[in-house]
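Working through the structure, step by step
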Amino acid sequence: MSPAGDGGAAPSQGGPGGGSALFVAFRALGLCSNHLAHVLRYHRRHREFYLVTAVGRSFHTYNVKRLGIVAVSNALPQDITCLAADRMLVFASCGSLLYAFARNKEVVHTYKGHDTDIHVVLPFGDHVISVDHNNILIIWDVQSEEKYLQLNFDKAVFAVSAIMHPSTYLNKILLGSEQGPLQLWNIKSNKLLYTFPGWGAGVTVLEQAPALDVVAVGLVSGHIIVHNIKFDEILIKFQQDWGPVTAISFRTDGHAVMAAGSPIGHIGLWDLDQKKLLGQMRSAHATAIAGLSFVQGEPLLITNGSDNAIREWVFDGPGGSSRLLRFRMGHSAPPTKIRYYGQNGQQILSAGQDSTLQSFSTVHDRFNKSLGRGSLNKKKSKKKGIRYDTMALPPITTFAAGMQLFP
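The following paragraphs examine the structure supplied in this document.

**Some remarks on the pattern of salt bridges**
Under the defined criterion, the tally for this structure stands at five salt bridges. Taking the shortest distance from any N to any O, the salt bridge between glutamate 312 and arginine 326 comes out at 2.7 Å. In this pair, glutamate 312 is assigned in strand 27 (residues 309-314) and arginine 326 in strand 28 (residues 323-329), connecting sequence segments 14 residues apart. Accessibility expressed as a relative area gives 0% for glutamate 312, which makes it buried. On the accessibility criterion, arginine 326 (23% relative accessible area) is partly exposed. We note a salt bridge from aspartate 316 to arginine 323, for which the minimum N-O separation is 2.9 Å. By relative accessible area, arginine 323 is classed as partly exposed at 41%.

**Re the sheet that holds strand 25 (residues 289-294)**
With respect to topology, four strands assemble into an open sheet ordered 25-26-27-28, the strand pairing being antiparallel. This sheet does not close on itself; its edge strands, each paired only once, are strand 25 and strand 28. Across the sheet, the axes of successive neighbouring strands diverge by a mean angle of 15°, strand direction being ignored.

**Quick notes on the side chain of serine 249**
Within the secondary structure layout, serine 249 lies in strand 21 (residues 247-250). According to the relative accessible area criterion, serine 249 is buried, its value standing at 6%. At 2.9 Å, the side chain of serine 249 forms a polar contact with the backbone nitrogen of phenylalanine 294. Excluding its chain neighbours within four sequence positions, the residues that come into contact with serine 249 are Glu207, Val257, Met258, Ala259, Leu292, Ser293 and Phe294.

**Notes on the sheet that holds strand 12 (residues 147-152)**
As summarised here, the arrangement of the four strands in space is 9-10-11-12, forming an open sheet in which the pairing is antiparallel. Each of the sheet's edge strands pairs with one partner strand only, and the pair in question is strand 9 (118-124) and strand 12. Across the sheet, the axes of successive neighbouring strands diverge by a mean angle of 15°, strand direction being ignored. Bridge count between strand 11 (residues 136-141) and strand 12: five bridges; the pairing is antiparallel. Across the sheet, the residue bridging to isoleucine 138 is glutamine 150, located in strand 12.

Definitions and cut-offs
Residues numbered from 1 in each chain as written. Predicted model: local features only at pLDDT ≥ 70, side-chain atom pairs only at ≥ 80, totals over all residues. Heavy atoms only, no water. Salt bridge = Lys/Arg side-chain N within 4 Å of Asp/Glu carboxyl O. Helix = DSSP H or I, 4+ residues; strand = E, 2+ residues; numbered from the N terminus. Buried < 20%, exposed > 50% of the residue type's maximum accessible area, 1.4 Å probe, protein only. Pairing = 2+ DSSP bridges. Axes fitted to C-alpha atoms, helices over the stretch in contact; angles between N-to-C directions. Polar contact = N/O pair within 3.5 Å; in protein donor to acceptor, adjacent residues only side chain to side chain. Contact = heavy atoms within 4.5 Å.

So yeah, pure geometry; function would need other evidence.
Dropping the structure here:
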């Protein structure tokens, strides 16, 4: 199966000197998400939110209201290493190059100037910012593709690990480091305005809070600091016991709730008014939470992970509890057996090393179905969760399927 994406054409490798073109990959089925955080966009003309996820060398665009795929980008030469977007363009890094896509499909700009792989990207008005593994930060003019500014950081002192633009802070960006300190820069004057000493642990996430001047800082230690950057003052400090913080998002529908992701697939929900843990979403994903985003003004949370799944949760239960509203997923481990099902060649049954049986459509992914995971005791399995199900059946090695015809 090709990494070109569901519905995406893989670049041809046939022809002179390229080997046979008989078995060139055409489409990839069952790919939804990888280890990169998704991007949430709002289309003003459509008045609709769209979700962008990376899958190998391409990215998929889904509408949030149905999680239906609406576009697949053209494939890049290598796997995407970072993904970001503004209201007009999607930015994807591939090795040391940064690409800008228009209409969720076509490359319209290419930014060349890094010597090593890019790992952080931030759209910033008419500019886009990228940081590579040599700790070189470059600010590009989006349209001209020229360098606007370049900053070199000493990797031993301040290795950039996260970046954000504080709301209403004109021409300013906030940088987090693997060493722990934060720096506030004015990119127009090229000046370091302030250095925050940090909290003794590397920064993994920076997220703007709904309140002005307030930023949430996720740390390797599992601490989450809700910090006022105007007065350099800690407002709230939380601690999660599941390892480093992988993602943070805030509800904006009138509830003071913050969600934080973990490397083991759990999500913590924190009450900002009461300054306490509100609830837990255990085993939201089988792997680390790559990204999570509350939809603006709605009680909806979107998550993705490297378990090849996208999930949408709605908070409409008693006490602000959540339930799974809709999802898109494929195998989280390689297939063990695949077979066509039916006489029209439009469905493929696939068993995987993740012990699940899936049905993939060759027409459109809205017809895909997960037929579940086997367990000797379904009731206990649902109660304990997949991760702790000791009665789960081993991976499927073979299966038979038939169609019952009735007169």
